[in-house]
Each structure stands twice: as C-alpha cells, then as structure tokens.
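# Working through the structure, step by step
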Amino acid sequence: MDFAFSEEQDMLRAAAREWLADRYPPERVARLADSDAGWDPTSWGELAGLGWLDPELDVLEHAVLAEEAGYALLPGPWLSSVGLALPALGGAPKRPTTLAWADDAASRLRDAATSVACRADDDLDGWRLTGVKRAVPDVAIADEAVVVARTPDRVALFRVDLTANRDAVHPLSTVDTTRRLGELRLDGTPAEPIDAPAAGALTSARRRTSALLACEAVGVTQRALDLAVDYAKTRTQFDRPIGSYQGVSHRLSNVYAALQLARSLAYRAAWCVSADDPAVDEAVASARVAAARAAVGGCEDAIQAMGGIGFTWDHPLHRFYKRARWIAAFDGAPAAHRAELAEMLFAG
Amino acid sequence: MDFRDTPDEAAFRRDLRTWLGSALPADWAERDPHVGRWDFEFARTWSRRLFDAGYAGLTWPVEYGGRGLPPTYQAIFLEEIAKADAPDHVGVIGLGMAGPTIMAHGTPEQKRDHLRGILSGDTIFCQGFSEPGSGSDLASLRTRAERDGDEFVVTGQKVWSSYAHVADWCILLARSEPGSAKHRGLTYLLLDMHAPGVEVRPLRQITGDPEFNEIFLTDVRVPVSKVVGEVGGGWQVAMTTLLHERGTLGFALTARLEALFRRLLTTATKTGASTDPVVRDRIADLYVDLQALRYTNYRSLATLVKTGVPGPEGSVAKLHWSETNQRLTSLAVELLGPDAPLSGAGAFWGGYWQYQQLRSRGNTIEAGTSEILRNIVAERVLGLARSR
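Only a predicted model underlies this, so the values are computations on that prediction, with no experimental measurement involved.

Conventions used here
Residues numbered from 1 in each chain as written. Chains lettered and ligands numbered in written order. Predicted model: local features only at pLDDT ≥ 70, side-chain atom pairs only at ≥ 80, totals over all residues. Helix = DSSP H or I, 4+ residues; strand = E, 2+ residues; numbered from the N terminus. Rg over C-alpha atoms; globule rule 2.2 N^0.38 Å. Buried ≥ 20, exposed ≤ 12 C-beta atoms within 10 Å, placed from the backbone. Contact = placed C-beta atoms within 7 Å. Domains from an automatic or database assignment. Expected span 1.5 Å × (residues − 1). Core = buried A, V, L, I, M, F, W, Y, C linked by C-beta atoms within 7 Å. Pairing = 2+ DSSP bridges. Axes fitted to C-alpha atoms, helices over the stretch in contact; angles between N-to-C directions. Parallel < 35°, antiparallel > 145°, perpendicular 65-115°, else oblique. Nonpolar A, V, L, I, M, F, W, Y, C, P; charged D, E, K, R; others polar. Left-handed = near helix turned anticlockwise from the far one by under 90°.

### Some remarks on the overall build of chain A
Helix and strand counts for chain A stand at 10 helices and 9 strands. Its C-alpha radius of gyration of 20 Å places chain A within 12% of the 20 Å reference for a compact globule of 348 residues. In terms of principal-axis extent, the alpha carbons of chain A reach across some 80 × 50 × 40 Å. Burial statistics for chain A: of 348 residues in total, 55% are counted as buried. In chain A, once contacts between residues fewer than 6 apart in sequence are set aside, the share between residues at least 24 apart is 74%.

Put into structure tokens, the structure is as follows:
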C-alpha cells in the first residue's frame, strides 16, 4: 500500500511545471485562446522534445502531466492524443490525433462500441466512411482522427487523415476556446482500418481520458484557488485584507477541501487504470464526480471571492472556469456517472 | 504508487480476518445495528481480546506493549474492523490522545504506569480540556492548579468529557500560574478520576443519551509527578494531543462511515427506495464522499510515512467526514417515509437511524467545530490573514 508518486514522477512534475510557467503564462494562454487556431502548432514538437509523447510513459506519468497542463491551461491536442486516441493506436501518436466516437446513435463512449450510426464501406479502392461524427474534441487542430464506424458485420476503428480531408472538418464555436469541439462530416471519406478491436480500445479510451481529465480538473481547481488566495491576501477593504473575513476565507477553505478530496480520487483513478484494477470503473466514475464538483465549484467560489475582477474577460479566471465546465460535460454530466455508480453499488 | 498490499501486509490482513471471524459472536453479521451507546463491559472485554491477540497499539513501540508496526498496518486494521463491523477499542481517548501525548512528553514512570493499561483496556482515559466558558477558545480556560509542596491542588469545571463516567484517569489542562493569560501558564496533568474531590455528572444530549459528562473538581490533589511536560508548558503538550486527535482520527472515522454507508444501502433496499433515481443519485454522491475520505486518508498516510509528518490534506478529513455523516444519516431517516418520526421499538431497526441522525449534529461541533477547522485551513494552509 503506497499512495505516493515516485521520485522520477515528482521530477517529471517539477520539470513540466517549470516549463509551463515559462512558456504558458496567462497572457500567452489568453492570446492563444482568442486566436483563430486556439493553440500554437509548434508546441507539438516542443512537447515531443520534452518527452510528453514518449512511448514509455505510463498513464500515471500522463496523469502528472495532465494536472500540470490543467494548472497552466495548456491549449492543444495533447490530451486528446494520449487519452482518447492512444489506445486505438497502441501507443502515443506521432501527430496530433483525436477520437470521433459520438454520432446520432450514441453520444457516450460506453455505448460507442455498440451503437454507431456512421457507416464504413469497403470500396474497390479501400474503405470509405459516411456519416456525421459529433462533438469531436480538437478536431480542427488534429492531423488525424480515429473514427468509430459500422462495417456490414461489426463496429470497427478507422484512421482518417484530416490534413487530406479538410472539407470534412467543421469547427464549432466552443465556450472553452482552448479546447474546441467540431464535427466530422464524412461523405465517402477514405479511411485506413485499425486492427485493434473497437470495444477494448473504446473502453480503454474512456477510462484513460476520464482519469486524465479528473487530474486536469485538479490542476484547474488548484490554479483557481491560488489566484483567489493571492487576491484575498492583497486586496483590502475596510482597511483589512479580504482574506481575513470568514465569508471569504471559509469559502476558500471549502475549495481547498474539495480540491484535496478530488485529488485523492483522481490519482487513485489513474493508478487503477494503470494497474487495470478490478475497481477501475468505480474509480474513474468517482473521480469524475469529485473532480467536476471541485473544479466547477472551485472556480465559481474563486470568481465570487475575487469580486468584480474575477468576472472580467481580462482576468484569466474565466478561462479556467470554462475548462472546468468542459471537463464536467465530457462523456456525460456528473449525474450520469453517479447513475453508473448506483448501478454498481446496488448490483453487489 | 501501488494500492495493493505488500506480501507482509496481505498476510497481516489474512490473519486479522481469520481472527475476527473466530473472535466475534457467530451471529454478529446478522444482528441489527445497535441503538444508542455501546455496552461498556462488552466493549472492555472486546478490548482485552484485541490486546491479547496483539491488535491494540499496532503502531506503538514494542517497549510500551505495542507491535512497532508502520501506520499502514493500523489502516488495514481499521479497514477490516469496519468490514466486519466489529466494535471499537474502548480506550478511544487513551489510544488516540493520552497515549501519544505521554509517549511524546511523559516521564519514564508515566510511560511505565499508563501506557500498557491503555492498550489492554484496563485503564480508561477521559479528556478535561473544554470548560463552560472555554470551547473553541481553549486557551481562555480557568480551572486552577495551585502548587502545594509536591502536589497541585486542582479546582474547576470541565465539560463535554466523554467516558468520564467510566474513566480512571483524565488528561487535564489547568492554569498553574494565577493571573496568567491565554497560552502561557497552563500545565498538563494526569488526574486520578477516583481521587477525592472529583465529581462526574452526566450531560444528557440531543439523543437523550448521557454520552458526555461534566467534571467538577474541588481541591483535587495531583502529585507533581503527574505533570506531563513542563510546569507552565501545558499548551505545547495539549497541541500534541490535539494533533493526534485530528491526525489519527481519519481512518477510524472512515471505518465508521463505511459501516453506516452499508446500512444505508440495506435500508434503501428494504424500504424499496433503491429504485428511485433521486435516491440513487444521492446515495452515489455519498459514496463518492466516502471514497474521497478514504483515499485522502491514504494519501495523508503516504505523506506521513514519507516525511514523518501528516500532510496538509489530512486537515480536511474531519471537516468532510462530519458533514458527510450528517447528509448520510439525514437521507437514511428520509428513506423511512411516514415512519421517520418514530423512535424505539416500533421504529425501523429500533430507531437506529433517528438516533444516528440526531447524534450526527454533534459531529460538526466536537473535536474542533467546522468553523475552527476552516479557520485553521485558511490561516495555516492557505496563509490567509488571521480572522477576528
């Protein structure tokens, strides 16, 4: 029984934090978030150089990086690539890659291997996909997508080269502009079949991404708390720092409590994914519920504690809040995860 | 990071399960939950059995009758106790507060005289900190300890003292320097509860049970040899006690909450509420709260093992537990529908949930109110300005 990261993992975290603080200060994140692309495409090569895409990284290392990426609000398709796409590809992708699972037949990952509207036809010159995949994360900035489609006899996974099929990509305006959604409108779009069985890869993608997003939410919560605490120490009203008022300080203590509780469950979920523990589905569902609550509630409390400043566009807090809400909505709202937990609890 | 038991931990867990299976009464698992306070003599006999089997004071040094094991073993012990729904050791105050304080600050004689009895359940300790005028502001306490040769003469009143009616000894904080203010001039004493001048009066609480007591002290003579730490240095010693109260409590509280959660599931099934989506949502939410508490304890434990001091994350355990327990017991009573107002023999499980729900209101007050705990997090962890 050992609930601590290794020395190497701690070093990885320290290095990531330092690099992110240097390269992604809030002003730069804001500029990127408000830009057309929403990210800096050269960062992919930088991340590869830092080892963020190394094949030997386990989900525990990804968890460490995801938390730090959340703290900095790193824009870009890294999490889609190592969370959503990695299991189908059998390793971290070389280029930015996302996963397109949702369509009119199913919106949630747990159903994506059984209910699929998108069609795959084996043409003379190879496979072609037809149908609309919805709510695809980072689709506008990914070079490739793993697409779930139905062949005449089974549900299978396909790679679609997005750089060669730009007309299929339809970006959608997204509240969190650092992680945008879009549609893939496939109309006889050429695709390469992937050998990996769809069910296993999608289960793995769901677990990995849920655990990593829970860790990212922990990073988001920590940043919101740090911003609000710094403000509460320096902002004075009625000749006292506002952090000396219990109306403010108790609110922030509650954020701290929710953060620590969520952090415990997020790390545990990452470990359960890594060890393929029998409790993994319970662990990721619990982590998602706690992390969404901590991040959304924590950002809301931070906005309240910071008064008008936290409500302005110029202050970075709203960007963390929008990421928190993005995470909370991913693959089903917290109530859906609680419903799954209840199923497990009453089943035995 | 690895949540699995090491081979030694797994063997310890296996032996403990086997032992619990044989030590508890055969029909233990089928018994309905017990209403109200435990039966003291039963608890004391049970404590003796735990001690004889080597399960009391797992982390205490061998020289004081313990096993000298790392804290992970205590965590495993509490997990298994919770799974088996076995009773607690009777020496809650002794094991969690008096013992660790004596080990840290006591004289060799105090260690020899008091530690083993705590483990065996032969010596029951109670706590004499709070006073009618000194609750959260503990340092304002007024109980006097006046030096008279080799003795202190103690006069004053203590309150909210659980176990005082059965206790042999009391860890007592008193003002030994007349006119001193606040944290200075306090002395930490081991007071013999059987000494002349000690009067214990039960304090009936919201449940109707006299779980707590008032202690009236009138010229009680305490030998100077029973001072823990320095005369006048009682505040630092008391802080050790409170650190242990808040530090070691997490696992025990989680164990109790887990037992209650299982009963909540049973109650939901028995009342037919388990198919109601709203109830299921609330139960799942409580489960997340329980899991969060459990794994935060583990994380805090890992920090303790790694660095020797509990991590700041541990400071939220009691805060979170108390509020979760209140939500859980409220939901349980709600599930009883029109029978919710009943108590006693006609009620579900003899009024077990009604009792637990009322009792839970004390959870956010005892052992540091939630307001004080939030102040501690704000000031010591977040570094915010002191509130006044």
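What follows continues from the structure just given.
### Let's talk about the overall build of chain B
Looking only at helices and strands, one finds 11 helices and 8 strands in chain B. Its C-alpha atoms give chain B a radius of gyration of 21 Å, within 12% of the compact-globule value 21 Å for 388 residues. Counting only C-alpha atoms and orienting by the principal axes, one finds that chain B spans roughly 70 × 50 × 45 Å. Classification of the 388 residues of chain B by burial places 43% in the buried group. Considering only intrachain contacts with a sequence separation of at least 6, the fraction spanning at least 24 residues in chain B is 71%.

### Quick notes on the environment of A:Ala290
Here A:Ala290 is to be found in helix 8 (residues 280-305). C-beta crowding within 10 Å serves as the criterion here: with 30 such atoms nearby, A:Ala290 is assigned to the buried category. In this structure the C-alpha to C-alpha distance between A:Ala290 and A:Leu259, which are 31 residues apart in sequence, comes to 8.6 Å. The residues touching A:Ala290, leaving out its near neighbours within four places in the chain, are A:Leu261, A:Ala262, A:Leu265, B:Val288 and B:Ala292.

### Points about the domain arrangement of chain B
When cut into domains, chain B gives domain 1 (7-90), domain 2 (125-233) and domain 3 (248-381). Look at where the C-alpha atoms of domain 1 of chain B and domain 2 of chain B centre, and you get two points 31 Å apart.

### Structural notes on helix 7 (residues 249-271) of chain B
Over its 23 residues, helix 7 of chain B extends 33 Å from the first C-alpha to the last, a length consistent with the 33 Å expected when each residue adds 1.5 Å. Residue B:Gly272 follows helix 7 of chain B closely and has a positive phi angle near 80°.

### Some points on the interface of chain B and chain A
At the interface, 36 residues of chain B touch 36 residues of chain A. Listing elements by their share of the side of chain B that touches chain A, those giving two or more residues are helix 8 (277-307), helix 9 (317-335) and helix 11 (370-381) of chain B. Counting residues per element, the side of chain B that touches chain A draws most heavily on helix 8 of chain B, at 15 residues.

### A look at the nonpolar core
Residues and elements named next belong to chain A. In this structure, Val147, Ala217 and Leu252 are the most contacted members of the largest nonpolar core, which totals 224 residues. The element best represented in this core is helix 6 (residues 198-234), accounting for 19 residues. Ignoring anything within four residues of it in the chain, the contact list for Ala217 reads Gly70, Ala262, Ala291, Ala292, Ala294, Ala295, Ala324 and Ile327.

### Observations concerning the pairing of strand 2 (residues 144-148) of chain B
Alignment of strand 2 of chain B against strand 3 (residues 151-158) of chain B, held across 5 bridges, turns out to be antiparallel. Each bridged residue has a counterpart across the sheet, and for B:Arg144 the counterpart in strand 3 of chain B is B:Thr155.

### Some points on the packing of helix 10 (residues 334-347) of chain A against helix 8 of chain B
Two numbers describe how helix 10 of chain A lies on helix 8 of chain B: the axes approach to 8 Å, and their chain directions differ by 85°. Between helix 10 of chain A and helix 8 of chain B, the interaxial angle falls into the category roughly perpendicular. Between helix 10 of chain A, through A:Ala335, A:Arg338, A:Ala339, A:Leu341, A:Ala342 and A:Leu345, and helix 8 of chain B, the contact on the second element is made entirely by B:Arg280, B:Asp281, B:Ile283, B:Ala284, B:Asp285 and B:Tyr287. Residues of the contact of helix 10 of chain A with helix 8 of chain B, tallied by class, amount to 8 nonpolar, no polar and 4 charged.

### Looking at the packing of helix 8 of chain A against helix 9 (residues 317-329) of chain A
Residue and element names in this part refer to chain A. For the pair helix 8 and helix 9, interaxial distance at closest approach is 9 Å and the crossing angle is 155°. Considering the angle they form, helix 8 stands roughly antiparallel to helix 9. Between helix 8 and helix 9 lies a crossing of left-handed hand. On helix 9, the residues that touch Ala292, Ala295, Val296, Cys299, Ala302 and Ile303 of helix 8 are Leu317, Phe320, Tyr321, Ala324, Arg325, Ile327 and Ala328.

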